[in-house]
Amino acid sequence: MSHFVVVGAGQAGSSLVAKLRSSGFDGKITLVGAEDVPPYQRPPLSKAYLLGEMEEERLYLRPESYYAEHGIELKLSTRAVGIDPVDRILTLEAGEEPIHYDALALTTGSHPRTLPAAIGGDLDGVMTMRDLRDADGMAPELVAGRKVLIVGGGYIGLEAAAVCAKKGLEVTLVEAADRILQRVAAPETSAFFRDLHGSHGVKILEKTGLERLLGEDRVTGARLTTGEEIATDFVVVGVGIEPATILAASAGLSVENGIETDSHCRTSDPHIWAAGDCASCLFEGRRIRLESVGNAIDMAEVAALNMMGQETEYAPKPWFWSDQYDCKLQIAGLNAGYDAIHVRDSGAGARSHWYYRQGRLIAVDAMNDSRAYMVGKRLIESGKSPAPEAVSDPATDLKALLKA
Ligand SMILES: Cc1cc2nc3c(=O)[nH]c(=O)nc-3n(C[C@H](O)[C@H](O)[C@H](O)COP(=O)(O)OP(=O)(O)OC[C@H]3O[C@@H](n4cnc5c(N)ncnc54)[C@H](O)[C@@H]3O)c2cc1C
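Given the structure is predicted, the values throughout are model-derived calculations rather than measurements.

S.K.: If you had to explain the sheet that holds strand S26 (residues 360-367) to someone new, which residues and values would you point to?
M.R.: Working definition: the strands of a sheet are paired by backbone hydrogen bonds and lie parallel or antiparallel to each other. Taken in spatial order, the five strands of this open sheet run S22-S23-S26-S25-S24, and their pairing is antiparallel. Edge positions in the sheet fall to strand S22 (319-324) and strand S24 (340-347), since each has one partner strand and no second. Adjacent strand axes in the sheet meet at a mean angle of 15° when their direction is disregarded. Bridge count for strand S25 (residues 350-357) against S26 is seven bridges, and the pairing is antiparallel. Directly across from arginine 357, in S26, lies its bridge partner arginine 360.

S.K.: Any details on the domain arrangement of the chain? Residues and values, ideally.
M.R.: Taken domain by domain, the chain consists of domain 1 (3-111 + 241-307), domain 2 (114-237) and domain 3 (326-401). On a C-alpha basis, the centres of domain 1 and domain 2 stand 30 Å from each other. The interface is formed by 17 residues belonging to domain 1 together with 17 residues belonging to domain 2. The junction of domain 1 with domain 2 conceals about 1500 Å² of combined surface from both sides, 58% of it contributed by carbon and sulfur atoms. The interface formed by domain 1 and domain 2 holds four salt bridges in total. Aspartate 36 is paired through a salt bridge with arginine 133; the nearest N and O atoms lie 3.2 Å apart. Our count for the contact surface shared by domain 1 and domain 2 stands at nine residue pairs in polar contact (both at pLDDT 80 or more).

S.K.: Outline the sheet that holds strand S18 (residues 259-260), listing residues and values.
M.R.: A sheet is described by the order of its strands in space; here three strands give the open sequence S18-S20-S21, paired in mixed fashion. The outermost strands of the open sheet, each flanked by one partner alone, are S18 and strand S21 (286-288). Strand direction decides the pairing type here: S18 and strand S20 (residues 279-283), joined by two bridges, are parallel. Along S20, the bridge assignment pairs isoleucine 259 with alanine 279.

S.K.: Would you mind going over helix H1 (residues 11-22) in detail, with residue names and values included?
M.R.: The first and last C-alpha atoms of H1 sit 17 Å apart over 12 residues, in line with the 16 Å expected at 1.5 Å per residue. Taken across its 12 residues, H1 has 10 buried, putting it largely inside the fold. Those residues of H1 that sit buried are Gln11, Ala12, Gly13, Ser14, Ser15, Leu16, Val17, Ala18, Leu20 and Arg21. Looking at the buried positions of H1, the neighbouring elements they touch are strand S1 (3-7), strand S2 (28-32), helix H3 (65-69), strand S3 (72-75), strand S7 (103-106) and helix H8 (293-307). At the exit of H1 stands glycine 24, carrying a positive phi of roughly 100°.

Conventions we followed
- Residues numbered from 1 in each chain as written.
- Predicted model: local features only at pLDDT ≥ 70, side-chain atom pairs only at ≥ 80, totals over all residues.
- Heavy atoms only, no water.
- Pairing = 2+ DSSP bridges.
- Helix = DSSP H or I, 4+ residues; strand = E, 2+ residues; numbered from the N terminus.
- Axes fitted to C-alpha atoms, helices over the stretch in contact; angles between N-to-C directions.
- Domains from an automatic or database assignment.
- Contact = heavy atoms within 4.5 Å.
- Buried area = accessible area lost by both parts, 1.4 Å probe.
- Salt bridge = Lys/Arg side-chain N within 4 Å of Asp/Glu carboxyl O.
- Polar contact = N/O pair within 3.5 Å; in protein donor to acceptor, adjacent residues only side chain to side chain.
- Expected span 1.5 Å × (residues − 1).
- Buried < 20%, exposed > 50% of the residue type's maximum accessible area, 1.4 Å probe, protein only.

This is how it looks when you write it as structure tokens:
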């Protein structure tokens, strides 16, 4: 009987094993995960779960019983530490028997970047946000009236800022770049979120880096690159992630900004696939890595089919969302290389930013405007580019653009 093994029991790993079973794979499946909880969704960790509005079980992607009921061996609290690609053996942490595989998938996710110890990154009270235990460790810090410093104005930092502000903390966010969200969004989107956070009392300092954190054992303050010193009770670090590629690299797989996969989600080894945050894939002739739930699910499902012998191509359809206060941001497409942006104000707080490159619609940021998001996504996927004047005219019926 064939044995398929998946390393990394997160969003992609869980989707992959479920897809194997729902597609009729009747061999043996083992899902190995380093964490002590069944696969769960991470987005609520910096949103409803951190706010205390969601129970832990509701994070689980499938009930814990699902895995045994579907003949999937779920090995939690178990880290894979080596791959022998020649004999097809996966080595686990000390004490666990090695596993022989016929096909292997790596869905090992990513790690948050941390601040160097030399600038105080190892002080108590300096936190990152990646897993359930991080969120559980942070939650008791969220007491009204306390001060928090957030380092990094990307989505994780901004979502943490929103939760802290809602909990009544005094929030300062520093961003070393010229503006928040600089890496991922247009100045118009940055401005929208700067204003939104400002209206909730969050102090955003752009073009301001962190020189060092202050404190003996526990962080008590920070010196900024402007020379200013500020007091803080704790720090949330949101300065990006690194793909978890150590296992793949040690097995000799090609790695560049993630585990390299081909158009079928296969790595440089014909018996090993990869999906999710840890994997890079081809998109419009470029090698990219997407850090999103949508990509983790879609890529894992394609990998599952191909492990079963199909030849399904993976065509990334990037989409993402973020919740901050009462604003739902939905993003369709990738804005890389955009040369024009067109703003649509649909009224009643609904707004969208449409990115074009050489006249082609490539991405849409929609704030409280799910219609703009849906229409934009479908237009991008079908390669249609409506006239910019039409999208920015609030009188245009967006759905009609799909028929044009
Ligand atoms: C706080 C937060 C908020 C987010 N919000 C959004 C959002 O709003 N929208 C969105 O689209 N995306 C969001 N994301 C991103 C999204 O959650 C990730 O893109 C997605 O979880 C990636 O899935 P994955 O399976 O690749 O990785 P993960 O879900 O991280 O799973 C990887 C798993 O592999 C395990 N692992 C790693 N190495 C080993 C090993 N050697 N042995 C065994 N196990 C191993 C890890 O412990 C982990 O459990 C958010 C992420 C975070 C952290």
